[in-house]
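Coordinate inspection notes
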Amino acid sequence: MDFPVYTPSSSSNGVPATAQPPTAALSGVDGDEDVPIFSIERVQLQFQISSLTAMAVSNNILYLAVASGRILRIDLNNPQDIEDIELPKLKAPGTGNVKNIFLDRTGSHLLITTTTAENFYLNLRTSRAKQLSRMKGNIITSVAWNPTEPSSSTKEILVGTADGKVIETYIEPSDEFFKREERFSKLVWRTPGGVAVDGLYVELLPGKPDMRRLIATTGGRLWHWVSKIVRHAPGDYSPTFTKFFDDEEAAVHVDFAPSARSLLSISPENESFMDDRSFAWLNESGIYYGKLYTAPATHDLGTVIFQDSKLYPESNLPSSSTSISCITLTKYHALILRDNQILAVNLLDSTIVFDERLPYSDKFLGLTSDVKNSTYWAYSSDSIYEITVTNEDRDIWRIYLSQSRFDEAQRLAKTPRERDAVAVANGEFLLENESYLEAANILGKSSKPFESVAIQLMEKKKTDALRRYLIVKLGGYKPSHMMQRTMLASWIVEVFMEKLNSIEDSMATRESEKTTEPEEKGKPNGANGESNGLFDKPKKKRVTENGVSADIKKIKEEFQEFVTRHKSDLDRKTTYDIISSHGRQEELLYYANSVNDYSFVLSYWVRLEKWSEALTVLRKQNEPDIYYKYSTVLLVNCPKETVDTWMRMPELQPRKLIPAILSYSLAVLSGDQNQAIRYLLYAINSLKSSDAAVHNTLISIYASDKSKDETALLEYLQFHDIERCYDTDFALRLCIKHERVQSCIFIYSSMGLYEEAVDLALQHDNVELASVVADRPGDNASLRKKLWLRVAQKVINKEHGIKSAIEFLKRCELLKIEDLLPFFPDFVVIDDFKEEICAALEEYSRNIDQLRKEMDESAKTSETIRADINSLSTRFAIVEPGERCFICSFPLLSRQFYVFPCQHSFHSDCLINRVAEISNPRVRRKITQLQLETQKSGGAISDDLDALVAAECILCGPYTINSIDEQFVDEKDKELAAEWDL
């Protein structure tokens, strides 16, 4: 038969229902307090149902069982599609009615049992129910579905029956007509006395793949097992619970008065619900409920669960003439059906939060729930009701709070105000129970007045808790609250310092007590029992040297972590004052390093004269100004390491280090390596410094050195002789002042003052050096001779033997014997240099003969030239009548012309124009000027013009040689150039 489509609900669950009130959709927003948590709405179906016997919903698949043997299946996601399925053996009258149906959590597998003990299986993918032949004769009262991932089959499931049997079966749908649906069906347990199994539930235990938890209810008893199943290889379809019930210790049970009323309910699945799932068992005494803990995964798990479970007596409900007929669980409540009355009881505080009666015309049969989607339903023989739940956990945090279950309350608190209320209550509770550190962590994030908490912790002298509270409070302020953050951070530093000093004082006291033990035993230090001064003070230093205690180490690490994280919140001057006032040097340095205040750290180490520590700090930063500031004190006290540090910093300006270098040079001891010289040489040679101040400083150090050795200074001056970056006048004054003779002579020479250099060398009797300087002006023979004459005079006056002086002076070829005679004594014997005089006279004779020969050759050349000049007057050239100009190719005799000895001939005007073209601008202007003068004088070519144009032939003379780089064809003559194209 066909059924009309009904209208689906507008609720978020997508289930069929009537239109909800406007407030029903306000879950989770402002105004939820006015919306009831539970409400009942009748589902308005657009078709009539009657004789409804059972209902099941799971995963939005709804099944309705009609007494006549029909099953209605509705997909609540597509409620307009309704399937009507008839059970094959219930068509004829008197064959029994559907007693109950059981649906797995995926909505894929449905078991149907009848009043005549016939059982059927219906799969979601088919529209035909299959009879379970192996289950025939058993009225199913409960089913424990397989807890593993769903599949096309049911896998291993447990079925409870009305005669107290628990049967394990494996149902797999098949399209073959004669093939049984059950792969196996085996009895695994039977209740004592054959009492009906009213409820079954199986689930996995985390981390225990072979372990299962089984809960069963039988009349007045609730069973709990934790035991192993038998695992089989894939494809082996055998029972797994065959040995599950053999271990008697695995079974734990709780008993109540026997009763025919027994029903087990498990709370829905919910991924966002972090608590363990709950169970509720309806029995004669009321509702027994508790949490399904998953640990410990041993036989004792049932005992733990039952110890924490509670009984809600039925007498706590409003009085009524009827008893509870059905229950189902939500996350926090139990829904109770009593006749036509539905109640909701909060399982946390046992309060009734909902009580509503339905029309008496409806005889309600039971409650059911969709454990997958958390929807709840009530049904009668001809009606379906949906119990909608709106923001069920909105008040649960208050209940947890009243029970001092603060973690659960905090998790369920939704608004900042609610979370703050939980935090305040939790913190106050911890303070009352003297859990000060935990209270500090929680109250630091709450709105409880700051001064109230701080004063309370200070009065209790709980400095650790106070420190923790201040740190947490500091973390709660935004960066924009600069004043508050700075004040809190400063206070925290103060508390840290007090704590460190307190620990060290207590340690020092204990150490002092140890050192005074001999006195207490009657062994005084002095004769009169008085202290002799050795043990007057506690040995803090020895305590520190023996190792820092764990407490101090921990506090220091916390302080360092705090400074690193909150250094931007600390005022530098205030923090320095706080730490210094407590005498905490280590913490002072750590803070200064953290804020990169290297100037402070350096000044600290310098005051303590810890030069290596100061240099270590200096190397960590790149600010040149700090290098300059501490350059003097570090160079004087730790020269080598300081220079090493400078050389690692090429950005430094050597000029700004000169004051430190000069101060150090004054203090350096004789014989020590001058580190200032090493740095200046590095600056000059590696950094290529051309700063005159740097070079002058190096010369000053070289010149003022106490050693008389001038090698280093001379090497520097010689190396920089070409490109002098130093001030020569300054260098000369220093060398004169410190009597650096060789350097002075070199500087005089480099300045071109050779006479002064020679005089200075001779003044210090350094004839060799003077002779070297005298040879330097090699291109100035007169100056060179003058200098050598001075050397000669010194040598002649110095040498006792005239002959040896003459031999020395032979080194200069410019000196003659006659130049040296004035320097000899008046009564010198001529025999001493007779050979030199004879050699000089012979050389003069040779020179005279050479001059006479040259004069004779000159006379002969003059006679030859005179003869050539006389022959010019008779020289002529023959011009043929057809001779043409080599420039214009016109007859040569047509106008004035030139004929060259090479027989090239040109018209005078052609030659003048051509010479003007190929000559330079100066000659061209001269030719133009002479042409104008010629025109003015009547046309006769002047001798000057003739000398310019007729000096050489333009075709075979120098003009042609100079034109070798010119092109053969002028680019302007395109026609001629085209003839040369290949």
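For the structure, see preceding data.
Calculation rules
Residues numbered from 1 in each chain as written. Predicted model: local features only at pLDDT ≥ 70, side-chain atom pairs only at ≥ 80, totals over all residues. Heavy atoms only, no water. Phe/Tyr/Trp six-rings, centres within 6.5 Å; stacked < 30°, edge-to-face > 60°. Helix = DSSP H or I, 4+ residues; strand = E, 2+ residues; numbered from the N terminus. Buried < 20%, exposed > 50% of the residue type's maximum accessible area, 1.4 Å probe, protein only. Lys NZ or Arg CZ within 6 Å of the ring centre and 35° of its normal. Salt bridge = Lys/Arg side-chain N within 4 Å of Asp/Glu carboxyl O. Patch = residues over 30% accessible without salt bridge, like charges linked within 9 Å, V, L, I, M, F, W, Y side chains within 5 Å. Areas by Shrake-Rupley, 256 points an atom, 1.4 Å probe, with all protein chains shown as cover. Lys, Arg positive; Asp, Glu negative; His and termini not counted. Charge placed at Lys NZ, Arg CZ, Asp CG, Glu CD.

Some details on the packing of aromatic side chains
Tallied over the entire structure, the rule returns 28 aromatic pairs. Look at Tyr170 and Tyr237: their rings are 5.2 Å apart centre to centre, the planes differ by 75°, and that puts the pair in the edge-to-face class. Taken together, the positions of Tyr170 in strand E12 (residues 165-171) and Tyr237 in the loop between strand E16 (221-228) and strand E17 (251-255) put the pair 67 residues apart, joining distant regions of the chain. Exposure remark for Tyr170: the relative accessible area of 9% places this residue in the buried category. Judged by centre distance (5.2 Å) and plane angle (75°), the ring pair of Tyr604 and Trp605 falls under edge-to-face. Classification of Tyr604 by relative accessible area gives buried; the value is 8%. Relative accessible area serves as the criterion here: at 18%, Trp605 is assigned to the buried category. Here a set of aromatic residues connected by ring pairs shows up, and it is made of Trp189, Trp223, Trp225, Phe241, Phe244 and Phe245. Stacked on the ring of Tyr237, the Lys or Arg Arg183 has its end atom at 3.9 Å from the ring centre.

Brief notes about the pattern of salt bridges
Scanning the model with the defined rule gives 33 salt bridges in all. Residue Asp569 is joined to Arg485 by a salt bridge in which the shortest nitrogen-to-oxygen separation is 2.9 Å. With Asp569 in the loop between helix H11 (550-566) and helix H12 (572-581) and Arg485 in helix H8 (residues 482-515), this pair connects stretches of sequence that are 84 residues apart. With a closest N to O distance of 3.0 Å, Arg584 and Glu504 form a salt bridge. Here Arg584, found in the loop between H12 and helix H13 (585-594), pairs with Glu504, found in helix H8; they are 80 residues apart in sequence, far enough to count as distant. Via salt bridges that share partners, Asp464, Arg467, Lys499 and Glu558 belong to a single interconnected network.

What to know about a negative patch on the surface
On the surface, Glu933, Asp943, Asp944 and Asp946 cluster together into a negatively charged patch. Summarising the element assignment, Asp946 is placed in helix H33 (residues 943-949). Note on Asp946: relative accessible area 31%, which makes it partly exposed.

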